[in-house]
Amino acid sequence: MSGLSPFGGGNDDATFDEEGEFVPEHLPEPGGFLDGHNVLVGDDHVAVHEIAHELFEERGVYDMTFGYNLARLNFDTRHPEAGFRYAEEADDPAVLRAEFTPTTAFCPQTHTLTVGAFRAWNGVDDRHDYEIVRIRAAPMHQESDAVNEQLRSLEEEYRETGTVPEEDDDDAPATDSPDVQF
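The structure displayed is predicted, hence computed values, not measured ones.

The mixed open sheet is built from four strands, whose spatial order is 1-4-5-6. Where the open sheet ends on each side, the last strands, each with one partner, are strand 1 (38-39) and strand 6 (132-137). Where strand 4 (residues 83-88) lies against strand 5 (residues 95-101), six bridges are found, and the strand directions are antiparallel. Counted as the bridge partner of Ala-87 is Arg-97 from strand 5. Against the sheet, helix 1 (residues 42-59) makes contact with strand 4 and strand 5, and its axis sits at roughly 120° relative to strand 4, the strand it touches most.

Laid out in structure tokens, this is it:
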């Protein structure tokens, strides 16, 4: 799917860190969802992120603006404040927390990408050692409250049923934007 974007595609190796490399200055700072938990750094971050890349590839979690697997955003030097950070819950290391920081506060794909990440991680839970992977959008996003409320709901249903909830028309987050036709 690389190369679909008018914003540069995903094949220019000069603009990406090496895969398997942990470059903190090219990652977002861990946000509030990760506060008080064991933030993964170095090889631990890399190992979890490699799983994310595999799962996102398998499940089609792509950032269509840039034309690449969403996990590759962590290596894109053009967006050092964007991507995923991870932490294991302090009271339960079998729970992984992942906070997604989009490239802009108004990224129109944040809802789709975070729900897609949740479905990818928890839909194939035999590929990792976590009981659940909790995903949240960083609070800098203009609709993070609505997106995160839906993610909490998906999480609750997953914990109750043990399966990832089916997609349906009700998956769109509520917004404060008026319904204006263009």
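The next thing to look at is the pattern of salt bridges. This model, assessed by the stated rule, comprises eight salt bridges. The partner of Glu-54 in a salt bridge is Arg-127, with the nearest N and O atoms 3.7 Å apart. You can see Glu-54 sitting in helix 1 and its partner Arg-127 sitting in the loop between helix 2 (110-123) and strand 6, a full 73 residues away along the chain. In this structure, Arg-97 engages Glu-89 in a salt bridge whose closest nitrogen and oxygen atoms are separated by 3.0 Å.

Our focus in this paragraph is the confidence of the model for the chain. Residues shown with low pLDDT carry predicted positions that ought not to be read at fine detail. For the chain, the mean per-residue pLDDT works out to 87, and 84% of the residues sit at or above 70. Note on residues 169-182: pLDDT under 50 across the span, and 13 contacts to partners over four residues away in sequence or across chains.

A word on the packing of aromatic side chains. Using the criterion set out here, one finds six aromatic pairs in the structure. Taken together, a centroid distance of 5.8 Å and an interplanar angle of 50° make the contact between Phe-56 and Phe-84 tilted. On the criterion of sequence distance, the pair formed by Phe-56 in helix 1 and Phe-84 in strand 4 is long-range, its members being 28 residues apart. For Phe-84, a relative accessible area of 0% translates into the label buried. Here Phe-84 and Phe-100 contribute two aromatic rings whose centre-to-centre distance is 5.1 Å and whose plane-to-plane angle is 45°, an arrangement assigned as tilted. With Phe-84 in strand 4 and Phe-100 in strand 5, this residue pair connects regions lying 16 residues apart in the sequence. Of the two residues, Phe-84 and Phe-100, both sit in the buried class. Connected via pairs of aromatic rings, a cluster forms that spans Phe-56, Phe-84, Tyr-86 and Phe-100. Here Arg-72 stacks its cationic end above the ring of Phe-16, 3.7 Å away from the centre of that ring.

Basis of the calculations
Residues numbered from 1 in each chain as written. Predicted model: local features only at pLDDT ≥ 70, side-chain atom pairs only at ≥ 80, totals over all residues. Heavy atoms only, no water. Pairing = 2+ DSSP bridges. Helix = DSSP H or I, 4+ residues; strand = E, 2+ residues; numbered from the N terminus. Contact = heavy atoms within 4.5 Å. Axes fitted to C-alpha atoms, helices over the stretch in contact; angles between N-to-C directions. Salt bridge = Lys/Arg side-chain N within 4 Å of Asp/Glu carboxyl O. pLDDT = per-residue confidence, 0-100. Phe/Tyr/Trp six-rings, centres within 6.5 Å; stacked < 30°, edge-to-face > 60°. Buried < 20%, exposed > 50% of the residue type's maximum accessible area, 1.4 Å probe, protein only. Lys NZ or Arg CZ within 6 Å of the ring centre and 35° of its normal.

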